[in-house]
Amino acid sequence: MPGSVRVVGLGGSLRAGSTSRTALQTALDGAQAANAEPSLIWVRDLDLPMYTPERAVPAGARELADTVHGSDALIWSTPTYHGSVSGSFKNALDWLILLAERDPPYLTNKPVGLVATAGGVQGLQAVNSMEFVVRALRGWSVPLVQPVAQSWQTFDPDGRLADDMTGAQLRDLGAEVVRAARQFQAHGTCDYADAAQFGSAVGD
Ligand SMILES: Cc1cc2nc3c(=O)[nH]c(=O)nc-3n(C[C@H](O)[C@H](O)[C@H](O)COP(=O)(O)O)c2cc1C
């Protein structure tokens, strides 16, 4: 019987009808369907001040760091802003400097699934921007990523998902992150050579 996998989703924008938040929730639904324990941290709820080294650490930032540290895997989802991640999302990531002195530090051995929504025809720029951060924090981004282009078509004005195929792809990403986390739990690595053993089609 596989152990529990805690998947923490982080992202969304400050908009009430945030499409990147809906995309994140959908990916977490896929993680839950793969028997993980999902939780969602919406940057709008965090209401974090801009990271400043000299200031007292706000309770929300410490809670964010603790929750991320206690996770087995992460899913990040940002809106595409000017070809990259949004400022509020990046600010939340900047507060993860609080994980520098943890054991293990930062995101060591945590797989991270990457999702972005974009108004234009692709969202890969923001996904690629997040991948730089994953590497800087010693995490492992899973090869399957989910940029959701033309979000104004894929979501309704209230931010609800309006496209079944995108929903299925996001849930697949959630399941893939769980698979990678189980492989880390079993082997301490994330080698795609035996990925199928852990429930993935990616390594086939
Ligand atoms: C400040 C700003 C910059 C944006 N820059 C881009 C961009 O460079 N490329 C793009 O495809 N969409 C861009 N968009 C559109 C958003 O990526 C898109 O509306 C996205 O779905 C918003 O996510 P949200 O619903 O979670 O707020 C931008 C939107 C804003 C507000």
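Further up the page is the structure itself.
The rules we used
Residues numbered from 1 in each chain as written. Predicted model: local features only at pLDDT ≥ 70, side-chain atom pairs only at ≥ 80, totals over all residues. Heavy atoms only, no water. Buried < 20%, exposed > 50% of the residue type's maximum accessible area, 1.4 Å probe, protein only. Helix = DSSP H or I, 4+ residues; strand = E, 2+ residues; numbered from the N terminus. Arc of directions from axis to C-beta. Phe/Tyr/Trp six-rings, centres within 6.5 Å; stacked < 30°, edge-to-face > 60°. Lys NZ or Arg CZ within 6 Å of the ring centre and 35° of its normal.

Undergrad: Would you mind going over helix H3 (residues 59–69) with me for this structure?
TA: Side chains that are three or four residues apart share a direction in an α-helix, a result of its 3.6 residues per turn. Every buried residue of H3 is listed here: Ala61, Leu64, Ala65 and Val68. All buried residues of H3 fall inside an arc of 95 degrees around its axis, so they share one side. Opposite the buried face of H3, at more than 90 degrees from it, the exposed residues are Ala59 and Glu63.

Undergrad: Would you mind going over the packing of aromatic side chains with me for this structure?
TA: One pair of aromatic rings is described through two measures. These are the centre distance and the angle between the planes. Tallied over the full model, the rule gives three aromatic pairs. Taking the centre distance of 6.0 Å and the plane angle of 75 degrees together, the rings of Trp76 and Phe89 count as edge-to-face. Here Trp76 is found in strand E3 (residues 73–79), whereas its partner Phe89 is found in helix H4 (residues 87–94), with 13 residues between them in sequence. Residue classification places Phe89 among the buried positions, given a relative accessible area of 0%. Arranged with centres 5.4 Å apart and planes meeting at 70 degrees, the rings of Trp140 and Phe184 form a pair that is edge-to-face. With Trp140 in strand E5 (residues 140–141) and Phe184 in helix H7 (residues 164–187), the pair connects residues that are 44 residues apart, well separated along the chain. In this arrangement the basic side chain of Arg21 is found over the ring face of Trp42, its NZ or CZ atom lying 4.8 Å from the centre.

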